[in-house]
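Summary of the model geometry
Okay, here's what each chain looks like letter by letter:
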Amino acid sequence: MAHFLRKLHSLLSLIVFFFLFLFLAPPFASRVASLSTLSISETSNQTLVCALIKPPGRRPFLNCTSFPAGIRIPVNPNASFAGVVGGDGFLCGLRGGSLSPTSVLGCWRFSAANGTNVRYKRIYKGPPVTELDSGDAHVCSLANGTSRLECWQWPGWDRTRVPDDWSSVAVGGDYACGLMGTGKIACFGDNARVVHNWPNGSFRAVAAGSGYACAISWDNTNSLECWGDGAAKIEPPQGDFVSVALGENRSCALGSNSRVKCWGQSNFSLPEHLTDAYFVAIKAKRRVFCGVLASNYSLCCWGNEHFDSMPGSMVFDNVLPGPCQSQCPCGPLPGYGILCEQGYVCLPCKASAPVVHPPSPGPAPPPVRSRGLDGKLVVFLVVGCVGSASLLSLFGFLLFRYCKGRVCRVHDSGRIEETSSPDQTRPPPPQPRPLEKRLSHLVSMDSHLEEFPLQVLARVTNGFAQEFKIGTGSFGSVYRATLDDGREVAIKRAETSTAASPLHLGGGGGPSARRQTEDIDRAFLNELESLSRLNHKNLVKLCGFCEDGNELILVYEYMHNGSLHDHLHRIPESPLDSWAARLRVALDAARGIEYLHVYATPPVIHRDIKSSNILLNKSWTAKVSDFGLSLMCPEDDNSHLSLHAAGTIGYVDPEYYRLQHLTSKSDVYSFGVVLLELLSGYKAIHNNETGVPRNVVDFVIPYILQDEIHRVLDRKVLPPNPFEIEAVRYAGYLAADCVSLEGKDRPSITEIVYSLERALAACSARPLLSRSSTESSTS
């Protein structure tokens with residue numbers, strides 16, 4: 001019994017410590033979303049100021065203006081935004097804040113040289129974003145329900161190298177700082193003076209500038225503490241502050257009295273005409289500072305010659321001073337009813353109400369939590385009662401466990417186990433599709449891909465009507481359409497049917513609906529990932545994509561002359577009726593594959609090379625398409641990927657199928673089958689004279705090796721003349737080398753390109769070719 005009491009004493013000590021921490025520690029859990037509703041972007045000679053405007057009776061919309069004029073951001077006036085951030089040559093807008101089930105973050109890039117040349121790119125779609133900030137170049141966020149940081153436009157960014165306990169984030173020039181769940185500060189990045197010198201203690205807010213950072217302490221003083229480049233030379237003012245905005249060697253802070261104080265190099269200070277103004281929010285970027293006035297929610301800016309010379313420095317009216325929230329720990333902003341259709345705009349904690357309010361306050365807010373004395377007493381009473389009841393219950397349970405049977409028995413019968421039936425087991429929460437996470441990473445701002453609205457693609461295909469359908473791809477149907485700007489495109493739309501998908505080998509039975517969805521997602525992402533970073537004249541160009549709910553769509557350049565498969569096996573009289581034309585198509589395709597294997601970084605294995613994936617444009621240039629099964633491959637020729645075989649029957653490398661070792665030589669085998677199709681006119685898998693399926697490799701290769709290729713040449717092409725027969729024979733030997741059973745005996749794709757160049761040249765001149773010259777130099 002004494003041993004039990006000692007254990008119970010230790011447990012009670014831990015419980016007491018927990019409740020003391022609960023009462024005395026800063027209430028970090030009450031932190032609400034931190035989304036900026038105004039942004040400042042700078043280029044070499046222009047400043048772009050953007051804000052969320054909330055006119056009476058309308059939803060908030062994004063409005064931007066540049067000083068001097070010139071930068072124009074093409075924003076849909078009907079689009080509703082929850083937050084906005086900006087930096088050096090870019091602007092990002094967040095749609096769907098904490099009150100929405102999903103957030104979408106998209107960014108516009110622009111330059112001072114041509115402000116009308118603006119590119120848009122979506123970089124995130126997923127759980128609602130609650131924290132969002134940007135520096136000169138980087139953008140970082142936290143999503144609702146997670147404390148893991150995500151950043152974009154940050155070369156070398158590695159989320160695994162930063163802690164996973166963030167509650168807020170502030171992004172500077174080349175670093176980021178934030179508050180951890182305990183109120184402590186952490187920083188990372190390339191600015192050593194910032195990331196190695198942050199202060200100890202607990203803080204309520206942190207801000208980042210170009211080269212230094214500041215934080216507001218959690219104690220009753222709400223004072224500022226700054227560190228980093230030049231921080232020691234620019235001492236912050238004394239005062240009680242609720243937020244701070246940092247620029248480049250200059251700063252401003254918003255006090256609990258709603259007044260702004262500024263300080264910095266060259267005696268930087270708030271303009272005289274704003275010294276008596278009351279503010280509800282402030283923002284900074286380098287030299288420029290902006291603030292939302294409490295009197296009428298108008299936006300004023302200062303800090304450079306453009307704004308300081310403006311009468312009143314007024315930029316916008318009716319600015320939304322903060323994001324709409326579902327609750328406000330420190331109370332809502334007076335007049336929130338005219339700002340948010342649902343929820344409230346929250347006051348900063350420790351802030352007193354502004355002296356001057358908008359003339360039309362909204363309806364009275366429902367009860368909200370307050371940090372006043374009464375609120376604390378209520379919290380202490382509730383938590384105390386709950387804690388005491390929990391403590392008594394726990395004590396009684398432990399005493400029951402220990403004493404059950406000990407009063408009458410010497411030996412305990414064992415542990416008391418809690419059992420539950422399978423029906424009572426709570427199912428795990430549904431996990432989000434991996435598509436959303438990977439898509440956020442793949443769709444980077446450095447990509448030139450366009451994101452098409454679903455409505456546009458549906459309209460130009462008449463609702464994806466059957467008369468617009470021209471074929472199938474790795475994960476869906478393909479439609480031909482003409483966009484509003486006159487571009488002819490092929491639109492590949494994902495479908496649930498597996499009929500359109502290449503056959504995946506190595507597994508028995510049909511895939512489940514979940515597996516099918518995962519396969520479609522994987523094919524969509526593989527193709528988007530591959531073609532967004534690849535650019536070659538012999539690869540089909542990807543123009544853009546659409547991801548809207550369950551719709552996954554890819555948009556390509558339209559290839560007017562269809563596929564090589566159609567010209568070989570379906571079209572009775574094809575223009576590919578000469579050996580020179582066919583060898584030219586083979587050479588084009590080989591050059592596309594060579595780019596994937598040799599020049600792409602990292603190299604790419606296509607995994608589904610076949611005649612139906614070689615397309616022909618208006619000028620009969622052949623291009624490789626359909627990267628739904630593609631994978632990045634090891635750069636070492638002696639390495640391989642170990643995974644189940646995938647591809648199309650008749651083209652799959654038998655070594656890959658047998659050993660599950662994927663190398664670039666697997667694409668070489670598939671290309672060899674295509675080359676045999678070009679020469680013989682037979683399909684990869686076709687029926688013989690008696691109707692039995694036969695492989696083109698098994699049928700044609702023996703004739704090639706016996707130097708009798710003329711017996712299996714496609715009869716739709718005129719027999720080769722004396723100048724062409726050597727080239728065709730040479731191409732036949734090359735095909736035989738490509739389909740060797742072992743990958744080490746096959747030529748590299750570069751050797752194939754060289755051999756086809758020689759064969760094509762031989763069609764118009766007497767060649768000096770021999771069987772030995774096609775031998776692979778690999779071992």
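Structural data are supplied above this passage.
Residues numbered from 1 in each chain as written. Predicted model: local features only at pLDDT ≥ 70, side-chain atom pairs only at ≥ 80, totals over all residues. Heavy atoms only, no water.

Take the state of the cysteines next. Counted according to the given criterion, the structure contains seven disulfides. Through a disulfide, Cys92 is tied to Cys107; the S-S separation comes to 2.0 Å. In this structure, the disulfide formed by Cys92 and Cys107 twists by about 105° around the S-S bond and is classed as right-handed. One end of the pair, Cys92, is in strand 5 (residues 90-95); the other, Cys107, is in strand 6 (residues 103-109), with 15 residues separating them in the sequence. Among the residues examined, Cys92 registers a relative accessible area of 0% and is labelled buried. Look at Cys107 and you get buried, because its relative accessible area is 1%. (Disulfide = S-S within 2.5 Å. Helix = DSSP H or I, 4+ residues; strand = E, 2+ residues; numbered from the N terminus. Buried < 20%, exposed > 50% of the residue type's maximum accessible area, 1.4 Å probe, protein only.)

Looking at soluble globular proteins, one finds that nonpolar side chains tend to be buried together. Of all hydrophobic cores here, the largest spans 81 residues; its most connected members are Phe671, Ile752 and Leu756. With twelve residues, the single largest contributor to this core is helix 9 (residues 579-599). Ile53, Val84, Val292 and Phe316 belong to the second-largest nonpolar core, a separate cluster that totals 43 residues. (Core = buried A, V, L, I, M, F, W, Y, C linked by side-chain atoms within 4.5 Å.)

In this section: the packing of helix 11 (residues 664-680) against helix 14 (residues 749-762). What describes two packed helices is the angle between their axes and the distance between those same axes. Where helix 11 contacts helix 14, the axes come no closer than 11 Å and their chain directions differ by 25°. Viewed along their axes, helix 11 and helix 14 adopt a mutual orientation that is roughly parallel. Our pair here, helix 11 against helix 14, has a crossing hand that is left-handed. Together, Val668, Phe671 and Leu675 of helix 11 and Ile749, Ile752 and Leu756 of helix 14 make up the contact between the two elements. A per-class count over the contact of helix 11 with helix 14 returns six nonpolar, no polar and no charged. (Axes fitted to C-alpha atoms, helices over the stretch in contact; angles between N-to-C directions. Parallel < 35°, antiparallel > 145°, perpendicular 65-115°, else oblique. Left-handed = near helix turned anticlockwise from the far one by under 90°. Contact = heavy atoms within 4.5 Å. Nonpolar A, V, L, I, M, F, W, Y, C, P; charged D, E, K, R; others polar.)

Another point: the sheet that holds strand 9 (residues 139-143). The strand order 8-9-10 describes an open sheet built from three strands, whose pairing is antiparallel. The open sheet is flanked by strand 8 (129-134) and strand 10 (149-152), the only strands paired with a single partner. Strand-to-strand twist of the sheet, defined as the mean angle between neighbouring strand axes without regard to direction, takes the value 20°. Both strand 9 and strand 10 contribute to a ladder of four bridges, which runs antiparallel. Bridge pairing links Cys140 to Cys151 in strand 10. (Pairing = 2+ DSSP bridges.)

The omega torsion across Phe67 and Pro68 is -10°, close enough to zero to call that bond cis. By secondary structure assignment, the location of Pro68 is in the loop between strand 3 (61-67) and strand 4 (83-87). The omega torsion across Thr601 and Pro602 is -5°, close enough to zero to call that bond cis. If you trace the backbone, Pro602 turns up in the loop between helix 9 and strand 32 (604-605). You will see that Tyr297, though not glycine, has its phi angle at about 60°, which is positive. The residue Tyr297 is located in the loop between strand 21 (288-293) and strand 22 (299-302) in this model. For Tyr297, a relative accessible area of 5% gives the class buried. A positive phi angle, near 55°, is found at Phe464, a position not held by glycine. Positionally, Phe464 belongs in the loop between helix 6 (454-460) and strand 27 (469-472).

Before going further, it helps to examine the sheet that holds strand 11 (residues 170-171). What the three strands build is an open sheet, ordered 11-12-13; its pairing is antiparallel. The open sheet terminates on both sides in strands that have one partner only, identified here as strand 11 and strand 13 (185-189). With five bridges connecting them, strand 12 (residues 175-179) and strand 13 associate as antiparallel partners. Along strand 13, the bridge assignment pairs Ala176 with Phe188.

Before going further, it helps to spend a moment on the packing of helix 13 (residues 722-738) against helix 14. It is the contact of helix 13 with helix 14, at a shortest axis distance of 8 Å, that shows an interaxial angle of 165°. Taken together, the axes of helix 13 and helix 14 lie roughly antiparallel to each other. As for the relative orientation of helix 13 and helix 14, their crossing is left-handed in sense. On helix 14, the residues touching Phe723, Ala727, Tyr730, Leu734 and Cys738 of helix 13 are Ile752, Ser755, Leu756, Arg758, Ala759 and Ala762. Its residues assigned to classes, the contact of helix 13 with helix 14 comprises nine nonpolar, one polar and one charged.

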